[in-house]
Amino acid sequence: MAQTIHDLLQPLQIPFVCIFYRRTQVPALQVYYDNRDAGAQAASHLLSKGWTELRFVESYRSDWSFARLTGVRDVASLHPYAFVAQGPGEAEGSVLALEGQVAAAYRLGRELFRDALAAHGDAPLDNDAAGDNIVQETNETPYGKPGLLGPIGIVAANDSTAIGVMRAGDEFSQKPGRDYAIIGFDDDAAASAVGLTSLRPPWSGMAEAAVVLLCEHLAGITEHTEICLQSTLISRASTSSRWDEPGP
């Protein structure tokens, strides 16, 4: 769409600003935010809280999720005790709708928690004994006990993915911020409701930056052609410090 608009406006010499989640190749004024930096912020936050075994979970693979994963790996590579294990993920383009992302992330979360508990010696003899018929809204599960995952910090590709993983964690009696940490991206409305730490994109800042760029070029000031902004970390209970006293 941006390329089409550029082609239509170029003969008229009318400037326009492309606002996007990444830098584009369209020859236009651009405002975007850095997903790689957001991933780095997520990893830095988890590591600072003592969660050093990082897992990246994505229910929908795309360039933005890969950029976030790259940022996570960048930071982990500089930490003497951290490592990043590629978590379970579904095929590119497999789930676009919000409900589909949560459902896919739930399946991936069950896989992640089964593997993690097995690695720490607390998996059931038959990992699939409960199948998909685990009773909801109960702490009685056939899987492990609280506090056995170790320093696992989960970076979910977005908030919908994180929420699906958290639902799976509930079935394994694993509480975010106590037994594991989890962080998402986009700071959706549901993130606050479930106490999910998230990276909030600079939505209002992007609009302001677009106006600044456009006004500059209308005034003949052409030194700047693009502005890259950073996301803001919104810390909540899902990434409590590993060394905090557990709550009741």
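Here the structure is shown first, and the text comes after it.
Residues numbered from 1 in each chain as written. Predicted model: local features only at pLDDT ≥ 70, side-chain atom pairs only at ≥ 80, totals over all residues. Heavy atoms only, no water.

S.K.: What exactly am I supposed to notice about helix H5 (residues 159-171) here?
M.R.: In a regular helix each residue adds 1.5 Å, so 13 residues correspond to 18 Å; H5 covers 19 Å between its end C-alpha atoms and thus fits that length. Counting buried residues along H5, 11 of its 13 residues qualify, which places the element largely inside the surrounding structure. Where H5 terminates, the next one or two residues include Ser173, which has phi positive at roughly 60 degrees. (Helix = DSSP H or I, 4+ residues; strand = E, 2+ residues; numbered from the N terminus. Expected span 1.5 Å × (residues − 1). Buried < 20%, exposed > 50% of the residue type's maximum accessible area, 1.4 Å probe, protein only.)

S.K.: Sorry, what's going on with the pattern of salt bridges here?
M.R.: As a working rule, side chains carrying opposite charge can pair if their charged atoms are close by. Taken as a whole, this structure holds 8 salt bridges when the rule is applied. The closest approach of N and O atoms between Arg55 and Glu53, which form a salt bridge, is 3.8 Å. The pair formed by Arg55 and Glu53 is uniform in burial state, with each residue classed as buried. Ionic pairing is found between Arg200 and Asp187, a salt bridge with its closest N-O pair at 2.7 Å. Of the two residues, Arg200 is situated in strand E7 (residues 197-200) and Asp187 in the loop between strand E6 (181-185) and helix H6 (189-193); the sequence distance between them amounts to 13 residues. Among the residues examined, Asp187 registers a relative accessible area of 15% and is labelled buried. Members of the salt-bridge network, linked through shared partners, are Asp187, Arg200 and Arg236. (Salt bridge = Lys/Arg side-chain N within 4 Å of Asp/Glu carboxyl O.)

S.K.: Is there a simple way to think about the packing of helix H2 (residues 35-48) against helix H3 (residues 63-76) in this case?
M.R.: To characterise two packed helices, one gives the angle between the axes of the helices and the distance between these axes. Relative orientation of the contacting elements H2 and H3 amounts to 45 degrees, with a least axis distance of 6 Å. As judged from the angle between their axes, H2 and H3 are oblique. Crossing geometry of H2 relative to H3 is assigned as right-handed. Contacts between H2 and H3 pair Asn35, Arg36, Gly39, Ala40, Ala43, Ser44 and Leu47 from the former with Trp64, Ala67, Arg68, Thr70, Gly71, Val72, Asp74, Val75 and Ala76 from the latter. Class assignment of the residues belonging to the contact of H2 with H3 gives a composition of 8 nonpolar, 5 polar and 3 charged. (Axes fitted to C-alpha atoms, helices over the stretch in contact; angles between N-to-C directions. Parallel < 35°, antiparallel > 145°, perpendicular 65-115°, else oblique. Left-handed = near helix turned anticlockwise from the far one by under 90°. Contact = heavy atoms within 4.5 Å. Nonpolar A, V, L, I, M, F, W, Y, C, P; charged D, E, K, R; others polar.)

S.K.: Before we go on, may I ask you to explain the pairing of strand E3 (residues 53-58) in this structure?
M.R.: Remark: a regular strand shows side chains that alternate across the two faces of the sheet. Among the 6 residues in E3, 6 count as buried, and that is most of the element. Every second residue of E3 is oriented toward a common face, with Glu53, Arg55 and Val57 on one face and Leu54, Phe56 and Glu58 on the other, all of them buried. Here E3 pairs with strand E5 (residues 152-156) via 5 bridges, running parallel. In the strand pairing of E5, Glu53 is matched with Ile152. (Pairing = 2+ DSSP bridges.)

S.K.: How do you make sense of unusual backbone geometry when you look at a structure like this?
M.R.: Among all residues save glycine, negative phi is the norm, and among peptide bonds the norm is trans. The phi torsion at Ser173 lies on the positive side, around 60 degrees, for a residue other than glycine. Relative to the helices and strands, Ser173 is located in the loop between H5 and E6. Unusually for a residue other than glycine, Asp186 sits at a positive phi of about 100 degrees. Within the fold, Asp186 resides in the loop between E6 and H6.

S.K.: Is there a simple way to think about the nonpolar core in this case?
M.R.: The tendency in soluble globular proteins is for nonpolar side chains to be buried as a group. Ranked by internal contacts, the top residues of the largest apolar core, which has 22 residues, are Leu46, Leu54 and Val155. Residue assignment for this core shows that the elements contributing at least two residues are H2, E3, H3 and E6. Per-element accounting of this core gives the leading share, 6 residues, to H2. Val155 has contacts with Ala42, Leu46, Arg55, Phe56, Val57, Val72, Ile183 and Phe185, leaving out every residue within four places of it along the chain. Ala162, Phe172, Ile182 and Ala191 belong to the second largest nonpolar core, which has 21 residues in total. (Core = buried A, V, L, I, M, F, W, Y, C linked by side-chain atoms within 4.5 Å.)

S.K.: Sorry, what's going on with the pairing of E7 here?
M.R.: Of the pairings in the sheet, the one linking E6 to E7 comprises 3 bridges and is parallel in character. Within the sheet, the bridge partner assigned to Phe185 lies in E7 and is Leu199. Sheet topology note: the E7/strand E9 (residues 232-234) ladder contains 3 bridges and is antiparallel. Of the residues in E9, the one forming a bridge with Ser198 is Ile234.

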